[in-house]
Amino acid sequence: MKITVLSGGVGGAKFLLGVKAFVGLDPFGGAGTDPVTGEAATPDVTAIVNNGDDIRLHGLQVCPDLDSCLYTLSGVADTVRGWGRLDETWTAAAELASYGAEAPWFSLGDKDIATHLVRTRMLDAGYPLSAVTAALGAKWQPGVTLLPMSDQRIETHVVVSDPAFEPGPGSTAGAPDVALHFQEWWTRYRAGIPAKRFVFVGAEEARPGAGVLEALATADLILVAPSNPVVSIGPILAVPGLREALLAAPARIVGVSPLIAGKPLRGHADACLAAIDVECSAQGVGRHYGARSEGGLLDGFLVAEGEDVQIPGVRVAEAPLLMMDPQATAAMVAACLELSR
Ligand code: GDP
Ligand code: CA
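All figures in this text were calculated on a predicted structure; none of them were measured in a lab. Residue positions are counted from 1 within each chain, in the order its sequence is given. Key to labels: chains lettered from A, ligands numbered from 1, both in the order written. Reporting in this predicted model follows two pLDDT cut-offs: at least 70 for local features of residues, and 80 or more for side-chain atom pairs to be given and counted; totals over whole chains, interfaces and linings ignore these cut-offs and use all residues. Side-chain metrics rest on all non-hydrogen atoms present in the structure, leaving aside hydrogens and water.

Q: Could you give an account of the site of ligand 1, naming the residues involved and the relevant values?
A: When we say a residue is near a molecule or strand, we mean one of its heavy atoms is within 4 Å of it. Lining the immediate surroundings of ligand 1 are 20 residues, of which S227, S232, P258, L265 and L321 lie closest. Only the protein chains shown count as cover for residues, with accessible areas throughout obtained via the Shrake-Rupley method and a probe of 1.4 Å. In the complex, 94% of the free accessible area of ligand 1, which totals 600 Å², lies under the protein chains. Among the elements that take part in the shell around ligand 1, helix α1 (residues 10–22) stands out by supplying four residues, more than any other. Broken down by class, the residue content of the shell around ligand 1 amounts to nine nonpolar, eight polar and three charged. Each helix corresponds to a stretch of at least 4 residues labelled H or I by DSSP, and each strand to a stretch of at least 2 residues labelled E; elements are numbered beginning at the N terminus. Three classes are used, and their members are as follows: Ala, Val, Leu, Ile, Met, Phe, Trp, Tyr, Cys and Pro are nonpolar, Asp, Glu, Lys and Arg are charged, and the others, Gly among them, are polar.

This is the structure in structure tokens:
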């Protein structure tokens, strides 16, 4: 069975651990045994990953969502901190801070920097991000084919009232709008400045990344991870041609709610949904995605137990949605498959 997943970073990666467990792969490694034949499992899980969070820092191309997937699925992520590498050290970050170097709010660990050095060198040599991601995967063996949504550079920017604005003496002028890089809004300001809108810079000229259209056309099941609908799944859907490919895909598309009882489990999805006038609830997210039969995204939507969700044209089912461990998450994947039948 071939499963293709639309994914952001940490939430998407946790969901992918469950997808791996569901298909008989070792969640934290590349290997596994087929539950039926007992032979080495052939992984057929592909993730189309948001790269709108990507940022150049200290000359290095950083891809937070791809790296969250890569590290988590390879068993080398720091799951307590929630991002970056396990057993990380921070020598370079401390030195950079002592220089007052750019973006002190975005820490890069020493091991992580090695990833960004290799990635940036390959990108600068002319390799597309998809090829670079495959090369990183060859070392780490995440057991899932990780595909950037696009090989072109797309950056999510957030339009806000300029937080640095100070009116001149006697002036009644309000703060002008400025666009912050998503990472600055999310990490530095912790999404605390109201977002007026999100702009996916570069998306209009972008194309789906290498392998993306094929992964949608050949999937037996397409899943939308419980990732942030606005800034993780939103940029993926903004790549021209991707929505059309989803609409045309022969497989059913089932999404999972990232909200339980109207709240995100971590992060600031509530602030993101408010910016696009979508109610912060499973029903709000489901209706925002919309029914595929009406040009939207979903055939099915999995929501938390006890939530009364109705989305015209979409089959809805309830299940425990807390991704406590890969096994619990695998049960969510099983419920998605059931919903697709
Ligand atoms: P990011 O790119 O690192 O911010 O991660 P994602 O966009 O992939 O995922 C973030 C979303 O995951 C948040 O909106 C959370 O509500 C959601 N999330 C995290 N843990 C869980 C969980 O256990 N269950 C569900 N249903 N959603 C979760
Ligand atoms: Ca992200």
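Q: Before we move on, could you go through the pairing of strand β10 (residues 252–256) and cite the residues and values that matter?
A: The buried count for β10 comes to four of five residues, which makes it a mostly enclosed element. Looking at chain direction, strand β9 (residues 221–224) and β10 are connected through four bridges and run parallel. Note on β10: the bridge partner recorded for I222 is I253. Classification of residues uses two cut-offs on accessible area relative to the type maximum, computed with a 1.4 Å probe and protein chains only: under 20% is buried, over 50% is exposed, and between them is partly exposed. Only when DSSP finds a minimum of two bridges between them are two strands counted as paired.

Q: Please give an account of the packing of α1 against helix α12 (residues 326–340) that cites residues and values.
A: Running from amino to carboxyl end, α1 crosses α12 at an angle of 75 degrees, the nearest separation of the two axes being 7 Å. As far as their axial angle goes, α12 and α1 are roughly perpendicular. Only P326, Q327, T329, A330, M332, V333, A334 and L337 of α12 make contact with α1, whose side of the interface consists of K14, F15, L17, G18, V19, A21 and F22. Its residues assigned to classes, the contact of α1 with α12 shows 11 nonpolar, three polar and one charged. Each axis is a line fitted through C-alpha atoms, and for a helix only the stretch in contact is used; angles between axes span 0 to 180 degrees, taken between their N-to-C directions. Here roughly perpendicular refers to angles of 65 to 115 degrees, roughly parallel to angles under 35, roughly antiparallel to angles over 145, and oblique to all remaining angles. Residue contacts are defined here by distance: any two heavy atoms, one from each residue, within 4.5 Å place the two residues in contact.

Q: Any details on the packing of aromatic side chains? Residues and values, ideally.
A: One pair of aromatic rings is described through two measures. These are the centre distance and the angle between the planes. Pairing of aromatic side chains here covers Phe, Tyr and the six-membered ring of Trp, requires ring centres within 6.5 Å, and sorts the geometry by plane angle: under 30 degrees stacked, over 60 edge-to-face, intermediate tilted. By the definition in use, this model includes seven aromatic pairs. With a centroid separation of 5.9 Å and 75 degrees between ring planes, the pair formed by W83 and W90 is classed as edge-to-face. Given the relative accessible area of 31%, W90 is considered partly exposed. In this structure an aromatic cluster arises from ring pairing among F182, W185, W186 and F198. For the cation-ring pair, K139 lies above W140, with the distance from its terminal atom to the ring centre recorded as 4.4 Å. Both a distance and an angle decide whether a charge sits over a ring: NZ of Lys or CZ of Arg must be within 6 Å of the ring centre and within 35 degrees of the ring normal.

Q: Now, about the coordination of the calcium ion (ligand 2): what can you tell me, with residues and values included?
A: Distances up to 2.8 Å from the metal define which N, O and S atoms are donors, and 3.2 Å serves for Na, K and Ca; water is absent from the atom set, so sites may look incomplete. Donor atoms from the polypeptide that coordinate the calcium ion (ligand 2) comprise D53 (OD), D65 (OD) and D65 (OD), at 2.1 to 2.6 Å from the metal. Placement of D53 in the loop between β2 (45–49) and β3 (55–57) and of D65 in helix α2 (residues 64–73) is noted, with a sequence separation of 12 residues between them. There is no split in this pair, since D53 and D65 are both buried.

Everything listed here is a matter of coordinates, which is why it stays silent on function.
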